[in-house]
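Chain by chain, the residues run as shown.
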Amino acid sequence: MIRKLYTFFQKETVLSISVILAVFSMFWIKPDHTYISYIDFRTLGLLFCLMTIVAGLKEIGVFDFLAEKMLSKAHGTKAIVTLLVLLCFFFSMVITNDVALITFVPLALIMLHKLPEELIEYWLIKVVVMQTIAANLGSMLTPIGNPQNLYLYAQADMSAFALIRLMLPYSVVSLILLLIWIRFAASKAPKMSKKNNISLSFSNTSEHHRENVLKSIANRKTEYLIAYLLLFAACLLTVAHILDFRVPLLLVVLYVIIRNHTLLGKVDYSLLATFTALFIFIGNLGRISQFSHFLSSIMTGRETITAILASQVMSNVPAAILLSGFANNYTSLIIGTNIGGLGTLIASMASLISFKYIAKENPHLRGKYFTLFTVANILFLAILLLLIKCLAAF
């Protein structure tokens, strides 16, 4: 029993800590009818819908097809690397940072193994670190890019356009930094002789695979594709405060139960449970006057830096939920939790996805990956902190 609990804790560390905190808080604030008001059902409902729809689109091969279609038109190592990174950056804006990494890091590993050995050794760790940073920074531009944005922008009663406008300077600078890094890394890459230099375009097998995916989507799975896109549009209307969240929630649940119930098993329920536990914990903290006054006092005027620091030790999603109950300036909190995804390996839980792929690829690479990841994250974080100061001066 103890071994099973330990294994679960290792696998679901954030969820386990969140539940422990929620349970401990109940000793101070006994469960009552107020508990139900803690939970943001709109955020939970939208997260469930988006995760289900994205799982459906992934299942029918939409992302694989789009990625391979784009990559097949790129020639040369630098072009391939650029596309692999940009896929994570831009797709994370609509399918979230963790799904982008789950989708495109394995694709990157497959593509990179088409290179000569010297180039594999040079690029593999760099590309996965770049993809991870790209996914974490690209996702900050939209309300649906990551869970904390979906929650905080609703708490702040912002429009989707207002959030995009707020985060646009940081996204643009992040994209420029990534492109500079790719260009610099490409200039230092080992030079291969023509006889050793292979074409990075897709092989006939990959071409055949793409054709099969396209036919599959066009024939048997056309209905799924149309339905998922319509459901996604309903979610976007909810994000824009045009539809009540219960409308897409009801539509998604009814559709997947009737047409594809297996998707219900692909939803990240641990994330939903983590949110629920944190809602209870934070709701109870808000009713403990001494703690509430203390946290409010240290956060006033320091929302951004507090959010960044908190994200380093608890990741940015729990930090966003924890600090939201005591923040006076939601725009600063949104910036802080988004930028706070940089830094430590757990600052954004999505970063652990890439680390696991590297560990599975070659356990001996974990040390090198962790070192480069940390150095690159600190550098990006320092530059974006400087940007925050510059924008605040105007």
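Look above for the structure.
This is a predicted model, so every value here is computed, not measured.

**Q** Can you walk me through the layout of surface pockets in this structure?
**A** In this structure, the largest pocket occupies an estimated 1,300 Å³ of space. Around the largest pocket sit 42 residues that line it, and Asp98, Ile102, Asp268, Ser270 and Ile353 are the ones nearest its centre. Elements represented by at least two residues in the lining of the largest pocket include exactly helix H1 (2-11), helix H2 (13-28), helix H4 (41-59), helix H7 (97-112), helix H9 (147-155), helix H14 (269-286), helix H17 (316-324) and helix H19 (351-361). Counting residues per element, the lining of the largest pocket draws most heavily on H4, at seven residues.

**Q** Sorry, what's going on with a nonpolar patch on the surface here?
**A** A surface patch of nonpolar side chains, amounting to about 860 Å² of accessible area, comprises Phe9, Ile17, Val19, Ile20, Leu21, Val23, Phe24, Phe27 and Trp28. Per element, the largest residue contribution to the nonpolar patch is eight residues, and it comes from H2. Tracing the backbone through its elements, the reader meets Phe24 in helix H2. Here Phe24 falls in the partly exposed class, since its relative accessible area comes to 47%.

**Q** Even after reading the chapter, I still don't get the environment of Pro318, so can you show me in this structure?
**A** Along the chain, Pro318 turns up in helix H17. The spatial distance from the C-alpha of Pro318 to the C-alpha of Ser159 is 22 Å, given a sequence separation of 159 residues. In contact with Pro318, not counting residues within four places along its chain, are Val14 and Leu278.

**Q** Please explain the side chain of Asn284 as it appears in this structure.
**A** Of note, Asn284 is situated in helix H14. By relative accessible area, which is 0% here, Asn284 ends up buried. For Asn284, the contacting residues outside a window of four places in its chain are Ala22, Ser25, Met26, Ile29, Tyr35 and Tyr38.

Rules behind the numbers
- Residues numbered from 1 in each chain as written.
- Predicted model: local features only at pLDDT ≥ 70, side-chain atom pairs only at ≥ 80, totals over all residues.
- Heavy atoms only, no water.
- 1 Å grid on protein atoms, 1.4 Å probe; cavity = no way out; pocket = protein on both sides within 12 Å on 5 of 7 lines; lining within 4 Å.
- Points joined across faces, edges and corners; volume = space filled by probe spheres on them.
- Helix = DSSP H or I, 4+ residues; strand = E, 2+ residues; numbered from the N terminus.
- Patch = residues over 30% accessible without salt bridge, like charges linked within 9 Å, V, L, I, M, F, W, Y side chains within 5 Å.
- Areas by Shrake-Rupley, 256 points an atom, 1.4 Å probe, with all protein chains shown as cover.
- Salt bridge = Lys/Arg side-chain N within 4 Å of Asp/Glu carboxyl O.
- Buried < 20%, exposed > 50% of the residue type's maximum accessible area, 1.4 Å probe, protein only.
- Contact = heavy atoms within 4.5 Å.

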